[in-house]
Amino acid sequence: VAAAAAAVTELVGDRASGWDRAGRLPEDVVRELGAAGHLTAQVPARYGGPGWSSADSGEFTAHVGSLCSSLRSVMTSQGMAAWTVERLGDPDQASDLLPRLTSGDTAAVAFSEPQAGSDLSAIATSVTVDGDTLSLTGRKKWVTAAEYADLFLVAARMGEDGAVVVVPRNAPGVQVRPVPDPLGCRAAGHAEVLLDDVRLPLDSLLGGGRQPLSLLVTTALAYGRISVAWGCAGILRACVSAAVGHARSRHQFGRPLGQHQLVARHLADLWTAEQVATRACEYASRCWDENAPDLVTAVVLAKYVSAGHAARGAATAVQVLASAGARDGHLVARAYRDAKLMEIIEGSDEMCQLILADHALSRR
Ligand code: FAD
C-alpha cells in the first residue's frame with residue numbers, strides 16, 4: 001500500500017488543481033493507475049487485482065482523496081463496477097470482465113436518471129429480450145467517470161425485476177454527453193449516458209438479469225459508500241495539513257494565527273473531524289473484511305459521518321486560510337466544492353439519515 005501511495009503521489013504531483021480547472025484528468029494517468037490495478041484494489045489476485053483488504057484499500061483511497069477528489073471519484077466508480085461484477089456476474093463474466101478492469105480498461109456505474117435520483121425504484125431504463133439479443137433504452141445522468149469509461153454498468157428494469165447490463169461505450173446507440181461545469185470533482189468525467197435501442201448479446205446481463213432492483217442498487221452502493229467515506233477522510237487530511245501549516249506560518253496581531261484561541265478552536269474541530277471520519281471508516285472496513293452483521297449500517301454511518309465532517313471541515317479550512325485560500329485552484333477551495341458533493345452522492349445525507357433512523361428504531 002505504501003508503495004502504491006508513493007506512486008500516486010508522484011503521478012499526481014502538483015497537478016490536481018490544474019486538472020480541476022481544466023475539468024479533465026489526463027487519460028494516461030487514469031490508464032496507468034488502472035493498468036497497475038490501483039483503481040480496483042480489492043479485486044482478488046485470481047482476477048489480476050491486488051486483492052487488498054477493505055482496510056488497506058480504504059487507506060489508499062484516503063490518500064488518493066487527499067490529493068485529488070476527481071481521481072478518487074474515478075477510482076470509486078471503477079471499484080464499484082468491479083465489485084458489482086464480482087457479486088452479480090456469473091463465473092464466465094467475472095473471468096472475462098475483472099481481468100480487463102484490473103489491467104487498464106475503465107468502467108462507470110450508471111443508475112441515476114432524470115426521474116430516479118434518491119428513489120432508484122423509479123428507474124425507467126428498460127431492457128427487453130428478443131431471441132439471443134437484448135435491447136436497452138433509457139437515459140442515465142451524472143455518471144461519474146463516464147468520459148473515461150470503456151464500459152458502462154447500466155441498471156435497468158427487466159419486466160417486474162431489474163438487471164445490470166454491461167454496455168461497451170462504442171456500442172451503436174450509446175451517446176455520452178459531459179455535464180457542463182460541475183460544482184466540484186470537476187475532472188471526474190461526469191456525463192449523461194443516452195441509450196437508444198442498444199442491441200447486445202444476452203451475456204451482457206450480469207448473472208442473467210432478473211434480480212430485484214433493490215439488490216442491484218444496494219450491492220453497488222455498499223462499495224461506493226465506503227469508498228466515498230474514505231475519500232472524505234482524505235479530504236479532511238489535506239485540509240488539516242493546509243490549515244495547520246497556515247496557522248503556524250501566518251502572523252497577525254504579533255503571533256501565529258494558531259495561537260489565537262478562536263483559530264486554535266478551528267484547528268481542534270478540523271483535526272477532530274478527520275479523526276472521527278477515520279475511525280468510522282476503519283470500523284466499516286473492519287466489518288467489511290469480517291463480513292460482520294453490522295456491515296450495512298457501519299458503511300452508511302461511515303459515509304454519513306465522513307461526508308458531513310468533510311463538508312464542514314473544508315469550510316473551516318477555508319475560514320482559517322481566509323483570503324489565502326479564497327481563490328479557485330487553491331487546495332482548500334477545491335476541497336470545499338468537492339466535499340459538498342459528497343453529501344449528495346451514494347445516498348444523500350437525508351437517505352443515510354433515514355437508514356440510520358430505521359436502524360435506531362429497530363433496535364431493542
Ligand atoms: P433528489 O432525489 O431529487 O433529492 C433532492 C433532495 O431531496 C436531496 O437533498 C434528497 O436527499 C432529498 N430527498 C429526496 N427524497 C427524500 C426523502 N424521501 N426524504 C427526505 N429527503 C429526501 N449517479 C449514478 O448513477 N452514477 C454515478 O456515478 C453518479 N455520480 C454522481 C456524482 C456527482 C458529483 C453527483 C452530484 C451525482 C452523481 N450521481 C450518480 C447521481 C446521484 O446519485 C444523485 O444525485 C443522488 O442520488 C440524489 O439524487 P437527485 O440529485 O436526483 O436528488
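Note that the coordinates shown come from a computational prediction; the quantities given were computed from them, not determined experimentally.

Draft legend 1. Structural detail: unusual backbone geometry. Not every positive phi belongs to a glycine, and Asp181 is a case in point at roughly 50 degrees. Tracing the sequence through the fold places Asp181 in the loop between strand S6 (174-178) and strand S7 (191-201). A positive phi angle is found at Asn291, which is not glycine, with a value near 45 degrees. Here Asn291 shows up in the loop between helix H8 (261-290) and helix H9 (295-321).

Draft legend 2. A look at the pairing of strand S5 (residues 161-168). Most of S5 is tucked away: six of the eight residues are buried. Inspection of the sheet shows strand S4 (residues 151-158) paired to S5 by eight bridges, in the antiparallel sense. Pairing of Phe152 across the sheet is with Val167, part of S5. Where S4 folds back onto S5 in an antiparallel hairpin, the turn is made up of two residues, including Gly159, whose phi is positive at roughly 60 degrees.

Draft legend 3. Geometry of the domain arrangement of the chain. Partitioning the chain into domains gives domain 1 (2-106), domain 2 (108-211) and domain 3 (214-362). Contacts between domain 1 and domain 2 engage 26 residues on the former and 21 residues on the latter. Carbon and sulfur atoms make up 61% of the area that domain 1 and domain 2 hide from each other, which totals about 2,000 Å². In this structure, the connection of domain 1 to domain 2 is made through three salt bridges. Arg186 is the salt-bridge partner of Asp20, the closest N and O atoms lying 3.7 Å from each other.

Calculation rules
- Residues numbered from 1 in each chain as written.
- Predicted model: local features only at pLDDT ≥ 70, side-chain atom pairs only at ≥ 80, totals over all residues.
- Heavy atoms only, no water.
- Helix = DSSP H or I, 4+ residues; strand = E, 2+ residues; numbered from the N terminus.
- Buried < 20%, exposed > 50% of the residue type's maximum accessible area, 1.4 Å probe, protein only.
- Pairing = 2+ DSSP bridges.
- Domains from an automatic or database assignment.
- Contact = heavy atoms within 4.5 Å.
- Buried area = accessible area lost by both parts, 1.4 Å probe.
- Salt bridge = Lys/Arg side-chain N within 4 Å of Asp/Glu carboxyl O.

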